[in-house]
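Given next are the chains, with one letter for each unit.
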Amino acid sequence: MRSGLSSLTFCLALGAAVIFTSFFNVIPGMAETIGDLSISKNWIRATPPAAMTGGGFLVISNSGSHEDTLTAVEFTGAKKTEIHEMKIEKDVMKMRPLKGGIKIPAGETIVLKPGGFHLMFMGLKFRLKDGQNFPIKLIFANAGEITMNFPVLTMEKGNKLMMRGN
Ligand SMILES: [Cu+2]
C-alpha cells in the first residue's frame, strides 16, 4: 500500500503544480518594479486567425518625484511595435502613434487598456493564442529597460484582469 500512497501523493503534488502554473499564467497580476515605476496587469489580447495586428496592455505607476516616459516597446513576435492612443476625431474613434511615447507624471498611474492607450503590434509573425506567454521589453527614458512576461488572454479575461483591485 505504501507505493499506492506515494503515487497518490505524487499525483496530488503534480495536480497542485499544474493548477498553480495555469493560475499563474492566466492571472499575472504581480507587479514588477524598475526604479520608481511599478508595472502590473500586463497582457496581450488573443488574436483571430490571420490577424496582422495585435494589442498589448498594462498599468504603470510612478511613485517617484520625477516624470518618466515609456519611449519604446520591443516584441519579437511583430515586425514593429508602436505606442498608440485612441482619440475621437469628427465623431470617429481613431488611433494614432504617440511619437514621443507615453508620459508617466510623478505620483500618477497610467493605464493602457482596450479603447485607450495601447501597445500596437504591427505585422504579427504568428497567431497569439490564449494561454501563451511572450517576453516584451519596455524602455523608459529614466528608469531604463525591463523585460516582462506578457500572458495572452481573451478580451474577456483581459478585461477582468484590468477591473481587479490592486
Ligand atoms: Cu493601435
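Before reading on, note that the structure itself is shown above.
Remember, it's a predicted structure, so these values are computed and weren't measured experimentally.

Caption draft 1: Geometry of the pairing of strand β4 (residues 68–74). As defined by bridge partners, β4 adjoins strand β7 (residues 102–104) across three bridges and the pair is classed as antiparallel. When the bridges of β7 are listed, Leu-70 appears paired with Ile-102. Inspection of the sheet shows β4 paired to strand β10 (residues 133–140) by four bridges, in the antiparallel sense. Of the residues in β10, the one forming a bridge with Leu-70 is Phe-140.

Caption draft 2: Here's a closer look at the environment of Leu-37. Tracing the sequence through the fold places Leu-37 in strand β2 (residues 37–45). In this structure, the C-alpha to C-alpha distance between Leu-37 and Ala-143, residues 106 residues apart in sequence, is 7.3 Å.

Caption draft 3: Up close: the nonpolar core. Counting residues in hydrophobic clusters, the biggest one holds 26 residues, and the most contacted among them are Leu-37, Trp-43, Ile-60, Leu-70, Val-73 and Leu-138. Contributing elements (two or more residues each) for this core: β2, β3 (53–62), β4, β5 (78–89), β9 (118–124), β10 and β11 (144–153). Among the elements that take part in this core, β2 stands out by supplying four residues, more than any other. Excluding its chain neighbours within four sequence positions, the residues that come into contact with Ile-60 are Leu-37, Ile-39, Leu-70, Ile-104, Thr-109 and Ile-110.

Rules of the game
- Sequence order sets the numbering: in each chain, residues are counted from 1 along the sequence as written.
- Note on the predicted model: pLDDT of at least 70 is required for a residue's local features to be given, and 80 or more for side-chain atom pairs to be given and counted; whole-chain, interface and lining totals, by contrast, use all residues.
- One requirement defines pairing of two strands: DSSP has to find at least two bridges between them.
- What counts as a helix is a DSSP run of H or I of at least four residues, what counts as a strand is a run of E of at least two, and both are numbered from the N terminus.
- To define a nonpolar core, we join buried Ala, Val, Leu, Ile, Met, Phe, Trp, Tyr and Cys residues through C-beta atoms within 7 Å and take the resulting set.
- Any residue whose C-beta has 12 or fewer other C-beta atoms within 10 Å is treated as exposed, any with 20 or more as buried, and any in between as partly exposed, C-beta atoms being built from the backbone.
- Contact definition: two residues whose C-beta atoms, as placed from backbone geometry, lie within 7 Å.

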